[in-house]
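These are the residues of each chain, in order.
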Amino acid sequence: MAVIRLGFGRQHLGLLKRRSFLVSKLIAVVFAVLLFCEYLIYYLVIFRCDWPEVKTPAHNSGQETLKVMFLADTHLLGEVRGHWLDKLRREWQMERAFQTALWLLQPKVVFILGDIFDEGKWSSPQAWADDVERFQKIFRHPRQVLLKVVVGNHDIGFHYQMSTYKVKRFEKVFNAERLFSWKGINFVMVNSVALEGDGCNICSEAEAELIEISRKLNCSREQEHRSSLCGHEQPLPASAPVLLQHFPLYRRSDANCSGVDAAPLEERGIPFKERYDALSREASQKLLWWLRPRLVLSGHTHSACEVLHGMGTLEISVPSFSWRNRNNPSFIMGSLTPTEYALVKCFLPCENTVLATYCVTAGFLVLVHFKLLASPFLFGWNLLRKLKTT
């Protein structure tokens, strides 16, 4: 009997050691999965993205290529509609994606095309300050990287919600710059919410600014035959501008949009409302006429689309950068010179991939858990069989 007890003690000790070793391995598996899904996956996915090549290489034309990232609709959740867990999850995803993209791709300029915040249109001063602080943490960047922001309807409200206070509050944080020139390239950043065309004070000021920018751009195009209207001011680079705004230019719907990140098929044929889903026909025509852009980039729809407007001007609708709005967020990478541009899309990790990885891991852990529970019973059953045989 003493021999049986001694054998039982040794087997029990061996079982405990095996179970302890197995639990350690399971903890290592859980840690590895968390590390992959919450950190490494961003490097693996974004590493595949590469800057596009312009048709005429910059070193052949004597022009310098500017590397620019365009993203839109981050919608940082506020205190009213934002659940703390949802905020934590979405902001972590955007922070990891943005910081990884900066480290791997090293752009020179980043543009965010509006709807930075989800509740800027009604947030209190304290809530606004909290949201701005979170934005600055998520989208922190080195000094050598320029970050430029365009205003959206969720930042200051639609036209009927917009006020001078909200506009000034936004511009105090993100600057009121409308015309930005860098490396011989002109960028025009428009407050598209203010292009209502009803003569309101903010709208009148916005149109006056655009008319002045149009004059400067025209003077830059006619440097050899400068009119008296140009005066002796420092001319802008003689380059057709890139137009950046939140609302897209007028289009009937997304019916002609395609791609894996276009609007769902059942939504593409829904007509756009002017001044709500897109700019009005009149405002769109004014922008194209005043600025004569070579490229337009916009946000707002949360989905991708490419549209050719009059005179062959290409508009790119940039999808949302937030996983709350899309399963497959992305951003645009652009290589620009004063005369050429090339664009390519960089997709971020799909949420379904991350969730599937977690589900498979959870299923595996459940199976192992039941196996561990069953082990003591199997051990006891085998011990009883041995006792009977002796």
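Quick note: structure is the one above.
Residues numbered from 1 in each chain as written. Predicted model: local features only at pLDDT ≥ 70, side-chain atom pairs only at ≥ 80, totals over all residues. Heavy atoms only, no water.

**Concerning the overall build of the chain**
Formally: A run of H or I in DSSP counts as a helix once it spans at least four residues, and a run of E counts as a strand once it spans at least two, with each numbered from the N terminus. The buried label applies to any residue whose accessible area, calculated with a 1.4 Å probe on protein chains only, is under 20% of its type's maximum; exposed applies above 50%, and partly exposed to all values in between. In short, Shrake-Rupley with a 1.4 Å probe defines the accessible areas, and a residue's cover is counted only from the protein chains shown.
Secondary structure summary: the chain contains 10 helices and 11 strands in total. The buried share of the chain, taken over its 390 residues, is 48%. For the chain, the exposed surface amounts to about 20600 Å²; the carbon and sulfur share of it is 60%.

**Some words on the pattern of salt bridges**
This is how the line gets drawn: Within this document, salt bridges are pairs made up of a side-chain nitrogen of Lys or Arg and a carboxyl oxygen of Asp or Glu, the two lying within 4 Å of each other.
Tallying each qualifying case throughout the model produces 20 salt bridges. Between K345 and D261 there is a salt bridge whose closest N-O contact spans 2.8 Å. You can see K345 sitting in strand β11 (residues 341–347) and its partner D261 sitting in the loop between β6 (242–244) and α8 (265–268), a full 84 residues away along the chain. K345 sits in the partly exposed class, given a relative accessible area of 28%. By relative accessible area, D261 is classed as buried at 3%. Via salt bridges that share partners, D86, R90, R324 and E351 belong to a single interconnected network.

**Here we look at the sheet that holds strand β3 (residues 146–150)**
Operational definition: Here the rule is simple: two strands pair whenever DSSP picks up at least two bridges between them. A fitted line through C-alpha atoms represents every axis, and for helices the fit uses only the stretch in contact; the resulting angles, taken between N-to-C directions, go from 0 to 180 degrees.
Spatially, β3-β2-β1-β10-β11 is the arrangement adopted by the 5 strands of the open sheet, whose pairing is mixed. Looking at strand neighbours, the two that pair on one side only are β3 and β11, the edges of this open sheet. Neighbour to neighbour, the strand axes of the sheet diverge by 20° on average, direction disregarded. The pairing of strand β10 (residues 330–336) with β11 spans 7 bridges and is antiparallel. From the neighbouring strand, F331 faces β11, where its bridge partner is C346.

**Some remarks on the side chain of E207**
To be explicit about the condition: Residues are treated as being in contact if the distance between any of their heavy atoms lies within 4.5 Å.
Inspection of the secondary structure puts E207 in helix α7 (residues 201–221). E207 sits in the buried class, given a relative accessible area of 19%. In contact with E207, not counting residues within four places along its chain, are G197, K286 and W290.

**Re the packing of helix α3 (residues 84–105) against helix α4 (residues 125–138)**
The following threshold applies: Gly counts as polar in this scheme, as do all residues outside two lists: the nonpolar Ala, Val, Leu, Ile, Met, Phe, Trp, Tyr, Cys and Pro, and the charged Asp, Glu, Lys and Arg.
For the pair α3 and α4, the least separation of the axes is 9 Å and the interaxial angle reads 35°. Here α3 contributes K87, E91, M94, E95, F98 and Q99 to the contact with α4, which in turn contributes R134, K137 and I138. Considered class by class, the residues forming the contact of α3 with α4 number 3 nonpolar, 1 polar and 5 charged.

**Here's the deal with the sheet that holds strand β9 (residues 313–317)**
Strands sit in the order β4-β5-β6-β7-β9-β8 across an open sheet of 6 strands; the sheet is mixed. At either end of the open sheet lies a strand with only one pairing partner, and these are β4 (179–182) and β8 (305–309). Between one strand axis and the next, the sheet turns by 20° as a mean value, whatever way the strands run. Packing against the sheet, α7 makes contact with β4 and β5 (185–189), and its axis sits at approximately 170° to β5.

**A few points about the nonpolar core**
Heads up, the rule is: Residue types Ala, Val, Leu, Ile, Met, Phe, Trp, Tyr and Cys, when buried and joined through side-chain atoms within 4.5 Å, form a set referred to as a nonpolar core.
In this structure, L71, F135, F321 and F331 are the most contacted members of the largest nonpolar core, which totals 45 residues. Elements represented by at least two residues in this core include exactly α1 (2–46), β1 (66–71), α3, β2 (109–113), α4, α6 (164–174), α7 and β10. Beyond its immediate sequence surroundings of up to four residues, F135 is in contact with L76, I112, I116, F117, L147, V149 and F174. Core analysis: the next-biggest nonpolar cluster, separate from the first, contains 21 residues, A72, V150, F187 and V242 among them.

**Description of the pairing of β5**
β5 sits mainly inside the fold: 5 of its 5 residues count as buried. Taken together, the 4 bridges between β4 and β5 define a ladder with antiparallel strand orientation. Paired with S181 across the bridge in β5 is N186. Taking the residues that link successive antiparallel strands as the turn, the β4-β5 hairpin has 2 residues, and the phi of K183 there is positive, at about 55°. Sheet topology note: the β5/β6 ladder contains 3 bridges and is parallel. Across the sheet, residue M189 finds its bridge partner in β6, namely L244.

**Structural notes on the side chain of R251**
Worth spelling out the cut-off: Definition of a polar contact: a pair of N or O atoms within 3.5 Å, with one able to donate and the other able to accept a hydrogen when the atoms are protein atoms, and with sequence-neighbouring residues admitted only if both atoms are side-chain atoms.
Within the fold, R251 resides in the loop between β6 and α8. Among the polar contacts listed, one links the side chain of R251 to the side chain of D254, at a separation of 2.9 Å. Side chain to side chain, R251 and S317 meet in a polar contact 3.1 Å long. Discounting residues that sit within four places of it in the chain, R251 has contacts with F272, A278, T301, C305, V307, E315 and S317.

**A short note on the packing of aromatic side chains**
How two aromatic rings sit relative to each other is given by the distance of their centres and the angle of their planes. Rules: Stacked, edge-to-face and tilted are the three classes for Phe, Tyr and Trp ring pairs, Trp counted by its six-membered ring, which pair at centre distances within 6.5 Å; planes under 30 degrees apart are stacked, over 60 edge-to-face, the rest tilted.
Enumeration over the complete set of coordinates arrives at 21 aromatic pairs. Here F111 and F187 contribute two aromatic rings whose centre-to-centre distance is 4.9 Å and whose plane-to-plane angle is 45°, an arrangement assigned as tilted. In this pair, F111 is assigned in strand β2 and F187 in strand β5, connecting sequence segments 76 residues apart. Judged on exposure class, the residue F111 and its partner F187 are both buried. Judged by centre distance (5.2 Å) and plane angle (85°), the ring pair of F135 and F174 falls under edge-to-face.

**Comments concerning the state of the cysteines**
Selection criterion: Defined by distance alone, a disulfide is two cysteine sulfur atoms within 2.5 Å.
The full count for this structure, using the stated rule, is 3 disulfides. Bridging C49 to C346, the disulfide has an S-S length of 2.0 Å. Across the S-S bond of C49 and C346 the torsion is about 85°, and the bridge reads as right-handed. Taken together, the residues C49 in the loop between α1 and α2 (58–61) and C346 in strand β11 connect sequence positions 297 residues apart. C346 carries the same exposure label as C49, and that label is buried. The residue that forms a disulfide with C200 is C203, at a sulfur-sulfur distance of 2.5 Å. Here the S-S torsion is close to 80°, and the disulfide linking C200 with C203 is therefore right-handed. Owing to a relative accessible area of 2%, C203 belongs among the buried residues under this scheme.

These figures capture arrangement, not role.
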